Number of protein chains: 2
Amino acid sequence: MHMDDSSRITIVEVAQYAGVSTATVSRVINKTGPVSPEAAAKVYAAIEALNYRPNAAARGLASRRTNAIGLLIDEVNGEFFLPMLRGVENAVRQRGMDLLISATHGLDKTSYPLGENSTDGLIVFADSLPKEEILRLHKIGFPMVLLYRSSPPNLSIPCVTVENKDGARRMVDYLVEKRGYRKIAFLEGPDSHEDAYWRKIGYQESLAAHNIPFDPKLVSFGGFDEAQAHLSVSRWVEQGLKAEVIFAADDDSAIGVMIALKEAELRIPEDIALVGFDDIRLAAYLDPPLTTVRAPIEQAARIAVEQLVKVIRGEEVGLITLLPTELVIRRSCGCC
Amino acid sequence: MHMDDSSRITIVEVAQYAGVSTATVSRVINKTGPVSPEAAAKVYAAIEALNYRPNAAARGLASRRTNAIGLLIDEVNGEFFLPMLRGVENAVRQRGMDLLISATHGLDKTSYPLGENSTDGLIVFADSLPKEEILRLHKIGFPMVLLYRSSPPNLSIPCVTVENKDGARRMVDYLVEKRGYRKIAFLEGPDSHEDAYWRKIGYQESLAAHNIPFDPKLVSFGGFDEAQAHLSVSRWVEQGLKAEVIFAADDDSAIGVMIALKEAELRIPEDIALVGFDDIRLAAYLDPPLTTVRAPIEQAARIAVEQLVKVIRGEEVGLITLLPTELVIRRSCGCC
DNA sequence: CTATGCTATGTAAGCGCTTACATCTGGTTA
DNA sequence: TAACCAGATGTAAGCGCTTACATAGCATAG
């Protein structure tokens, strides 16, 4: 680094300037332990005068606390990410903590930089971390909260997610009961992703409840990804897909579907209807506006931070937080 | 924290297990200094066997390097943010560094948690940090790169941004020369934001070049914000705005404009045309698709990281990186 | 054979904080 | 008045690393 070492102000300089001990300075800064108003005033003055900034590393080393929480994600991708980050960032900042972010995408997921020694706790998003590593962290008692992923059996790691199954089920219920569709194609998400799993289950449950046989030909891979969905649907169309509506497992893939259908000159919803899941910001602006299931992404993120902070403090937290989803009916499903 | 102290593995345990000194372990881990293949193998084996993870705080304290870069933003808001973060995250990870993110929104910007003692360098986005603090950091030689903000005079802090003035100017040139508009309203961004400043200058320069008198009545405040733009345009319309086209200083505010115009039952582009700036992902999907100026947001972020890393390493970098913008013509400007 | 210069390794002094413990006040209480 | 206690402060021992410096071994050069 290129810093001017001579100008480095440490707690020692502050203590000298203020005429107190370093312990007192520390007490003032951290509001730990009793300090007389006069001493506190002198310390604040010294800090101001010297432009002192505490060294986070030294602090962390001495206190074994980092005052930071880590967010582990797979990669920065998809509109989904923005509200999630906003929720996390706001909640973290509100508590005066720092936020570290790391994407494990492509990495050996066991060498991610965050973890037990860089943060006080971790929010693990979806499948950003392999089960073994989660086990390891849990075993050493490291605070963790899982976001959009459930705890491995018997492990009791708090997790927060949305009612994926229920949301998907209600969407299909609606398509069948209100719109009268019976040929409902499903564009599923990645296997490893729990959201994807439960949404598919919800889809299947609703079909079963309405005595519609499950047809594997009506299921293809969307991968929670615009490009992948685009590709899959283009192929489907070539092969003469017979469906009245496509249920894309998330809105990002719904966009891919929309593009593919437009390319195939199929009108939405006249020729084929389309619905998604998440209600990302884009959804309302698409042409036609997308019917979808609203997932409270930002709220889930915020709650995850709250839970994590509680875990760090050693407080009790509920093991599973399941946030309700809500049907958002727009034109793409043929409602209007 | 709730961690099991007894199980804490430090470099000492690793050294003992491997039968070498801590210095050797450190050398192996950091690939600094010569180590015999045998010793290295023993150390790796020990690390594996004990599941050792180095403590980032201790490392930072001892080496005065954090291996982390900080991204300072105002707040997590707007579609703009996503590609920027993606660019930063990718570039940071590619270099094996960590990323810390902090929003200064609402905070006393002088107490932001990142900085000289938590990171090796800082990417300062737009007006996330007041000039005084930038001065202070620069004075102590702390590595910084400014993103979408130019260096204070005489300070020579590297900055990377896009050709705002040029882009805005070419957009207006296009509106006048190709579309034949002469009543061009401008919805400006926040004063404090340099992008906003230069885009307005570009607008004015083009007007001047085409002998169109600048009319302050045709300028209102969009604030780079959907809601603000919505509000401003609704008022404008009530007051009987006479314009052929609205140039929103960024796409987020263009969305606000679009909503306001639809509420007022004005058709785009038949009754009034609309153009934006940035080409966020949404732009292409709006109804009608938005004519805008494409700014290479992700690329700018990536370059900022590259520059910062060079500064940290003490290498030379260009002071100003100005990335080209590009007109993207879609239906909202009345082109088709 | 000694001087020289590598490479490989160990020793130990911090890095800038926090915090357990000791100390010293002065006010309360019995 | 003596005993006690709580508030205010200081002392100093680490926290887990990195790294300057010292040392040792060994090949090569003179």
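Report follows, based on the coordinates.

Scoring rules and cut-offs
Residues numbered from 1 in each chain as written. Chains lettered and ligands numbered in written order. Predicted model: local features only at pLDDT ≥ 70, side-chain atom pairs only at ≥ 80, totals over all residues. Heavy atoms only, no water. Near = heavy atom within 4 Å. Polar contact = N/O pair within 3.5 Å; in protein donor to acceptor, adjacent residues only side chain to side chain. Helix = DSSP H or I, 4+ residues; strand = E, 2+ residues; numbered from the N terminus. Nonpolar A, V, L, I, M, F, W, Y, C, P; charged D, E, K, R; others polar. Expected span 1.5 Å × (residues − 1). Buried < 20%, exposed > 50% of the residue type's maximum accessible area, 1.4 Å probe, protein only. Contact = heavy atoms within 4.5 Å. Salt bridge = Lys/Arg side-chain N within 4 Å of Asp/Glu carboxyl O. Pairing = 2+ DSSP bridges. Core = buried A, V, L, I, M, F, W, Y, C linked by side-chain atoms within 4.5 Å. Least-squares fit on C-alpha atoms with pLDDT ≥ 70 in both. Axes fitted to C-alpha atoms, helices over the stretch in contact; angles between N-to-C directions. Phe/Tyr/Trp six-rings, centres within 6.5 Å; stacked < 30°, edge-to-face > 60°.

### Re the protein's contact with DNA strand D
Next, step 1: Every one of the 29 residues lining DNA strand D counts as a neighbour, but Ser21(A), Arg27(A), Ser36(A), Ile11(B) and Ser26(B) are closest to it.
Next, step 2: Near-protein atoms of DNA strand D (within 4 Å) split between backbone and bases, with sugar and phosphate holding 63%.
Next, step 3: Ser21(A) is positioned such that a nitrogen or oxygen atom in its backbone is 2.7 Å from a phosphate oxygen of DNA strand D.
Next, step 4: Mapped onto the surface near DNA strand D, the elements with two or more residues apiece are helix H2 (22-30) and helix H4 (56-63) of chain A together with helix H2 (22-30) and helix H4 (56-63) of chain B.
Next, step 5: Class assignment for the residues of the surface near DNA strand D results in 13 nonpolar, 10 polar and six charged.

### Let's talk about helix H10 (residues 251-263) of chain A
All names here are of chain A.
Next, step 1: Its 13 residues give H10 an end-to-end C-alpha distance of 18 Å, which sits within 8% of 18 Å, the value for a rise of 1.5 Å per residue.
Next, step 2: With respect to burial, H10 is a largely interior element, 10 of its 13 residues being buried.
Next, step 3: For H10, the full list of buried residues reads Asp251, Asp252, Ser253, Ala254, Ile255, Gly256, Val257, Met258, Ala260 and Leu261.

### Focus: the interface of chain A and chain B
Next, step 1: Every contact between the two is made by 59 residues of chain A and, on the other side, 60 residues of chain B.
Next, step 2: Between Arg281(A) and Asp252(B) there is a salt bridge, with its nearest N and O atoms 3.3 Å apart.
Next, step 3: Mapped onto the side of chain A that touches chain B, the elements with two or more residues apiece are H4, helix H5 (81-94), strand E2 (98-103), helix H6 (131-139) and H10 of chain A.
Next, step 4: Broken down by class, the residue content of the side of chain A that touches chain B amounts to 26 nonpolar, 14 polar and 19 charged.
Next, step 5: Two strands pair when backbone bridges link them, and E2(A) and strand E2 (residues 98-103) of chain B are joined in this way by three bridges, in the antiparallel orientation. Pairing of Leu100(A) across the sheet is with Leu100(B), part of E2(B).

### Notes on the nonpolar core
Next, step 1: Ranked by internal contacts, the top residues of the largest apolar core, which has 165 residues, are Phe247(A) and Phe247(B).
Next, step 2: In this structure, Phe247(A) is in contact with Ala168(A), Met171(A), Val172(A), Ile184(A), Ala185(A), Phe186(A), Leu187(A), Tyr203(A), Val275(A), Gly276(A) and Phe277(A), ignoring residues within four places of it in sequence.
Next, step 3: Of all hydrophobic cores here, the second largest spans 32 residues; its members include Leu114(B), Leu122(B), Phe142(B) and Leu146(B).

### Details of the relation of the copies chain A and chain B
Next, step 1: Take chain A, turn it by 180°, move it 0.1 Å along the axis, and it overlays chain B with an RMSD of 0.2 Å. On this basis, the relationship between the two copies can be described by a two-fold rotation axis.
Next, step 2: Mapped onto chain B, 100% of the interface residues of chain A are again interface residues, and the two copies thus contact each other with one and the same surface.

### Here's the deal with the sheet that holds strand E1 (residues 68-73) of chain B
Working definition: the strands of a sheet are paired by backbone hydrogen bonds and lie parallel or antiparallel to each other.
Next, step 1: One open sheet accounts for 12 strands, arranged E11(A)-E5(A)-E4(A)-E3(A)-E1(A)-E2(A)-E2(B)-E1(B)-E3(B)-E4(B)-E5(B)-E11(B); its pairing is mixed. For this open sheet the edge positions go to strand E11 (320-323) of chain A together with strand E11 (320-323) of chain B, each flanked by a neighbour on one side alone. Ignoring strand direction, the axes of neighbouring strands in this sheet form an average angle of 20°.
Next, step 2: Taken together, the two bridges between strand E4 (residues 144-147) of chain A and strand E5 (residues 159-162) of chain A define a ladder with parallel strand orientation. In the sheet register, Leu146(A) faces E5(A), and the bridge partner there is Cys159(A).
Next, step 3: Running at roughly 165° to strand E4 (residues 144-147) of chain B, helix H11 (residues 297-313) of chain B makes contact with E1, strand E3 (121-125), E4, strand E5 (159-162) and E11 of chain B of the sheet.

### Some remarks on the packing of aromatic side chains
All names here are of chain A.
Next, step 1: By the definition in use, this model includes 14 aromatic pairs over all chains.
Next, step 2: Between the aromatic rings of Phe80 and Tyr148, the centroid separation amounts to 5.3 Å while the plane-to-plane angle is 70°, which identifies the pairing as edge-to-face. Placement of Phe80 in the loop between strand E1 (68-73) and H5 and of Tyr148 in the loop between E4 and E5 is noted, with a sequence separation of 68 residues between them.
Next, step 3: Three or more aromatic residues joined by ring pairs form one cluster here, namely Phe186, Tyr203, Phe214 and Phe247.

### Points about unusual backbone geometry
Next, step 1: In this structure, the amide linkage connecting Ile268(A) to the following residue, Pro269(A), adopts the cis form with an omega of 0°.
Next, step 2: Within the element layout of this structure, Pro269(A) appears in the loop between H10 and strand E9 (273-275).
Next, step 3: Even without glycine at this site, Tyr148(A) takes up a positive phi of about 60°.
Next, step 4: Relative accessible area serves as the criterion here: at 1%, Tyr148(A) is assigned to the buried category.
Next, step 5: A positive phi is found at Ser156(B), a non-glycine position, where the angle reads about 50°.
Next, step 6: Relative to the helices and strands, Ser156(B) resides in the loop between E4 and E5.

### Overview of the environment of Val219(A)
Residues and elements named next belong to chain A.
Next, step 1: Relative to the assigned elements, Val219 resides in strand E7 (residues 219-221).
Next, step 2: Separated by 32 residues in the primary sequence, Val219 and Leu187 place their C-alpha atoms 5.8 Å from one another.
Next, step 3: If we skip the residues at most four places from it in the chain, Val219 touches Phe186, Glu188, Lys200, Tyr203, Phe214 and Trp236.

### Some points on the protein's contact with DNA strand C
Next, step 1: Taken together, 30 residues lie around DNA strand C, and Ile11(A), Ser26(A), Ser21(B), Arg27(B) and Ser36(B) are the ones closest in.
Next, step 2: The protein-proximal atoms of DNA strand C, defined as those within 4 Å of the protein, are 63% sugar or phosphate.
Next, step 3: In the environment of DNA strand C, a base oxygen lies 3.3 Å from a nitrogen or oxygen atom belonging to the backbone of Ala62(B).
Next, step 4: In the model, a phosphate oxygen of DNA strand C is placed 3.1 Å from a nitrogen or oxygen of the Arg64(B) side chain.
Next, step 5: Those elements that place two or more of their residues in the surface near DNA strand C are H2 and H4 of chain A together with H2 and H4 of chain B.
Next, step 6: Within the surface near DNA strand C, the residues separate by chemical class into 13 nonpolar, 10 polar and seven charged.

### What to know about the pattern of salt bridges
Next, step 1: This model, assessed by the stated rule, comprises 38 salt bridges over all chains.
Next, step 2: The salt bridge partner of Arg136(A) is Glu133(A), with a shortest N-O separation of 2.9 Å. Of the two residues, Arg136(A) and Glu133(A) both sit in helix H6, three residues apart, roughly one turn of that helix. Comparing Arg136(A) with Glu133(A) shows no difference in burial state: the two are buried.
Next, step 3: In this structure, Glu89(B) and Arg93(B) form a salt bridge, with 2.9 Å as the shortest nitrogen-oxygen distance. You can see Glu89(B) and its partner Arg93(B) sitting in helix H5 (residues 81-94), four residues apart, about one turn around the helix. Like Arg93(B), Glu89(B) is buried.
Next, step 4: Residues participating in the shared-partner salt-bridge network are Arg53(A), Glu116(B), Glu133(B) and Arg136(B).

### Observations regarding the pairing of E2(B)
Residues and elements named next belong to chain B.
Next, step 1: Counting buried residues in E2 gives six out of six residues, a clear majority hidden from the surface.
Next, step 2: Of the two faces of E2, the one lined by Asp98, Leu100 and Ser102 and the one lined by Leu99, Ile101 and Ala103 are each fully buried.
Next, step 3: Here E1 pairs with E2 via six bridges, running parallel. Counted as the bridge partner of Gly70 is Leu100 from E2.

### What to know about the sheet that holds strand E6 (residues 184-188) of chain A
All names here are of chain A.
Next, step 1: The parallel open sheet is built from four strands, whose spatial order is E7-E6-E8-E9. The two strands at the open ends of the sheet, each matched to only one other strand, are E7 and E9. Adjacent strand axes in the sheet meet at a mean angle of 20°, parallel and antiparallel pairs treated alike.
Next, step 2: Of the strand pairs in this sheet, E6 and E7 are connected by three bridges, and their pairing is parallel. Across the sheet, Leu187 pairs through a bridge with Ser220, a residue of E7.

Just distances and angles here, no functional claims.
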